[in-house]
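Each chain, written out:
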Amino acid sequence: PLFCDLIQRGPRGSLNSGIPNVGFDQTNINVATLDTSGVDFQLVYDLDLWDIGLDGLGSIRFDYASTYLDELSLTPAQGVTPNECAGDHAGACRIPSPKYRHRLLNRWTTPWDINVDLTWRYFSSTANDIITNVNPPVDRKIDTTQYLDLAVRYVATDAITFRAGVNNVLGEQPPVVTAAGPPS
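If you're wondering where the values come from, they're calculated on a predicted model, not measured in any experiment.

**Topic: unusual backbone geometry**
Okay, step 1: Phi is positive for Asp-113, which is not a glycine, with a value near 65°.
Okay, step 2: Checked against the element boundaries, Asp-113 lands in the loop between strand E6 (100–109) and strand E7 (114–123).
Okay, step 3: A positive phi angle is found at Asn-168, which is not glycine, with a value near 60°.
Okay, step 4: Topologically, Asn-168 is positioned in the segment after strand E11 (161–166).

So, in structure tokens, the structure goes:
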């Protein structure tokens, strides 16, 4: 019944699109809903290294940002049962939605116009609770994943900054699944 008004039949019940005002009204309608709840938390702490006896070495900033996802419900259309996606990664959920994730950025600002960033990224595991007897087995669960990233910035002038960085310094293998992500 939701989309019935978008179908116009001819006098004899035809859907022949060669007749004016007959056929399918192809319009874009946003009928899906997304409901989410959780907690975002951020804490920033600046430490001047002079305060702990390390004179002339600059400062360190600790910047922690995290998300706890309590609920992520996708309802494809009115009257359809919502899909609960918090902590899942397959089926209608498609995109992995870990219940907890964080980023901890540690920045050393030196007195020599150089900044060094070490970032720890963490993603809790997600499960494929949508489909029973998942095959291939690699799609049953995405394990907890952690990465360390390193970046160095040199401010040469007010207009020129050089940056070099390496994501995933420890070479952690990213999870491989076929049941998550957009369709190909």
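**Points about the pairing of strand E4 (residues 59–75)**
Okay, step 1: Bridge analysis of strand E3 (residues 33–48) against E4 gives 16 bridges, and the strand direction is antiparallel. Looking across to E4, one finds that Val-39 is bridged to Tyr-68.
Okay, step 2: Sheet topology places E4 next to E6; ten bridges connect them, and they run antiparallel. Paired with Arg-61 across the bridge in E6 is Arg-107.
Okay, step 3: Here E4 pairs with strand E5 (residues 83–84) via two bridges, running antiparallel. The residue bridging Ser-73 from the neighbouring strand is Glu-84, located in E5.

About the criteria used
- Within each chain, residue numbers correspond to sequence positions counted from 1 in written order.
- Selection of residues for local features in this predicted model requires a pLDDT of at least 70, selection of side-chain atom pairs for listing and counting requires 80 or more, and totals for whole chains, interfaces and linings are taken over all residues.
- For the side-chain quantities, the full set of heavy atoms in the structure was used; hydrogens and water were omitted.
- In this description a helix means any DSSP run of H or I spanning at least four residues, a strand means any run of E spanning at least two, and both kinds are numbered starting from the N terminus.
- Two strands are said to pair when DSSP picks up at least two bridges between them.

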